[in-house]
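# Examining the three-dimensional arrangement
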Amino acid sequence: MIYSTEIENMCCVHKGANHGPAPIPEEGKWVKSKEISDISGFTHGIGWCAPQQGCCKLTLNVKEGIIEEALIETLGCSGMTHSAAMAGEILVGKTILEALNTDLVCDAINTAMRELFLQIVYGRTQSAFSEDGLQIGAGLEDLGKGHRSQVGTIYSTKAKGPRYLELTEGYITEIGLDSDDEIIGYKYINIGVMLDAIKNGTDPIKAIEDATGQYGRFDDAVKKIDPRSE
């Protein structure tokens with residue numbers, strides 16, 4: 001340690017206050033964190049790239065400073081999906097400090113990691129008041145039975161109005177309109193359920209039928225249109 005001459009010539013004055021860090025809520029406990037290993041929590045965060053052409057939702061499950069589980073969901077950029085594949089291999093097993101200072105390939109994923117780091121080290125996690133936190137696998141449960149991200153894709157023009165393309169239920173095949181040409185329901189295919197059925201040997205046509213559902217007052221529609229061609 002090198003001190004300047006001004007510091008060397010100062011007399012010593014002992015500080016009185018030494019209360020340590022303020023406690024933060026972690027998995028049902030109040031913790032005075034001093035080391036990375038003191039940090040635990042399950043949380044989500046959003047990141048975006050500099051040109052803002054894509055975004056990432058990152059979910060981490062941290063136990064004693066180590067990332068034990070990661071869910072990386074990306075949207076809007078083709079290259080970002082491949083970056084997510086690499087980040088999925090990079091993140092787990094690292095401390096949250098290592099992960100914060102690791103290139104996660106995509107700027108949006110790096111930004112999401114920064115936002116999660118802030119949540120976690122300040123005790124603002126989803127599991128802050130859950131005793132023992134959330135089990136490893138909680139991130140996968142966020143995807144539901146179809147193991148697909150919750151995605152909404154809507155396209156709209158002033159001239160022709162909105163087109164529902166994909167919602168959380170699945171891929172939209174038809175939109176139901178009333179007599180005023182307003183949307184009152186839609187028909188969809190749950191892609192995850194359909195593909196699982198086909199993978200397990202179900203005939204594709206039967207799989208599509210079984211994975212098809214509808215929402216709203218679709219049966220009352222006076223007109224039904226294909227959102228991709230009409």
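Relevant structure appears above.
What counts and how
- Residues numbered from 1 in each chain as written.
- Predicted model: local features only at pLDDT ≥ 70, side-chain atom pairs only at ≥ 80, totals over all residues.
- Heavy atoms only, no water.
- Helix = DSSP H or I, 4+ residues; strand = E, 2+ residues; numbered from the N terminus.
- Expected span 1.5 Å × (residues − 1).
- Buried < 20%, exposed > 50% of the residue type's maximum accessible area, 1.4 Å probe, protein only.
- Contact = heavy atoms within 4.5 Å.
- Pairing = 2+ DSSP bridges.
- Axes fitted to C-alpha atoms, helices over the stretch in contact; angles between N-to-C directions.
- Salt bridge = Lys/Arg side-chain N within 4 Å of Asp/Glu carboxyl O.
- Phe/Tyr/Trp six-rings, centres within 6.5 Å; stacked < 30°, edge-to-face > 60°.
- Lys NZ or Arg CZ within 6 Å of the ring centre and 35° of its normal.
- Disulfide = S-S within 2.5 Å.

## Concerning helix α4 (residues 107–121)
Here α4 is 15 residues long and its end C-alpha atoms lie 21 Å apart, about the 21 Å a rise of 1.5 Å per residue gives. Taken residue by residue, α4 has A108, I109, T111, A112, M113, L116, F117 and I120 as its buried positions. As for α4, its buried residues are in contact with β1 (24–26), β3 (41–48), β4 (55–63), β5 (66–75), α2 (78–91) and α3 (96–100). Backbone geometry just downstream of α4 places G123 in the positive-phi region, at approximately 75°.

## Some thoughts on the sheet that holds β5
Taking strand neighbours across the sheet as the criterion, the three strands line up as β3-β4-β5 in an open arrangement whose pairing is antiparallel. At either end of the open sheet lies a strand with only one pairing partner, and these are β3 and β5. With strand direction ignored, the average angle separating the axes of adjacent strands in the sheet is 15°. Strand direction decides the pairing type here: β3 and β4, joined by eight bridges, are antiparallel. By the bridge assignment for β4, T43 is matched with L60. Relative to the sheet, α2 contacts β4 and β5, its axis offset from that of β5 by approximately 175°.

## What about the pattern of salt bridges?
Within the structure shown, the criterion is met by eight salt bridges. Taking the shortest distance from any N to any O, the salt bridge between E27 and K63 comes out at 3.0 Å. Residue E27 is located in the loop between β1 and β2 (29–31), and its partner K63 is located in strand β4; the two are separated by 36 residues in the primary sequence. The exposure class of E27 is buried, given its relative accessible area of 7%. Note that R148 is salt-bridged to E166, the shortest N-O span being 3.1 Å. Placement of R148 in the loop between α5 (138–141) and β6 (153–157) and of E166 in strand β7 (residues 161–167) is noted, with a sequence separation of 18 residues between them. Take R148: its relative accessible area is 35%, and that puts it in the partly exposed class.

## Thoughts on the packing of aromatic side chains
One pass over the full model with this rule turns up four aromatic pairs. The rings of Y164, Y186, Y188 and Y215 are connected pair by pair, giving a single aromatic cluster. Above the face of the Y171 ring, R228 is positioned so that its terminal group lies 3.8 Å from the ring centre.

## Re the state of the cysteines
Such a bond, covalent and formed between the sulfur atoms of two cysteines, is termed a disulfide. This structure, assessed with the given rule, holds zero disulfides. With no disulfide of its own, C55 lies 7.8 Å from the sulfur of C56, the closest cysteine sulfur. By relative accessible area, which is 30% here, C55 ends up partly exposed. Cysteine C106 remains unbridged, with the sulfur of C49 as its closest cysteine sulfur at 6.2 Å.

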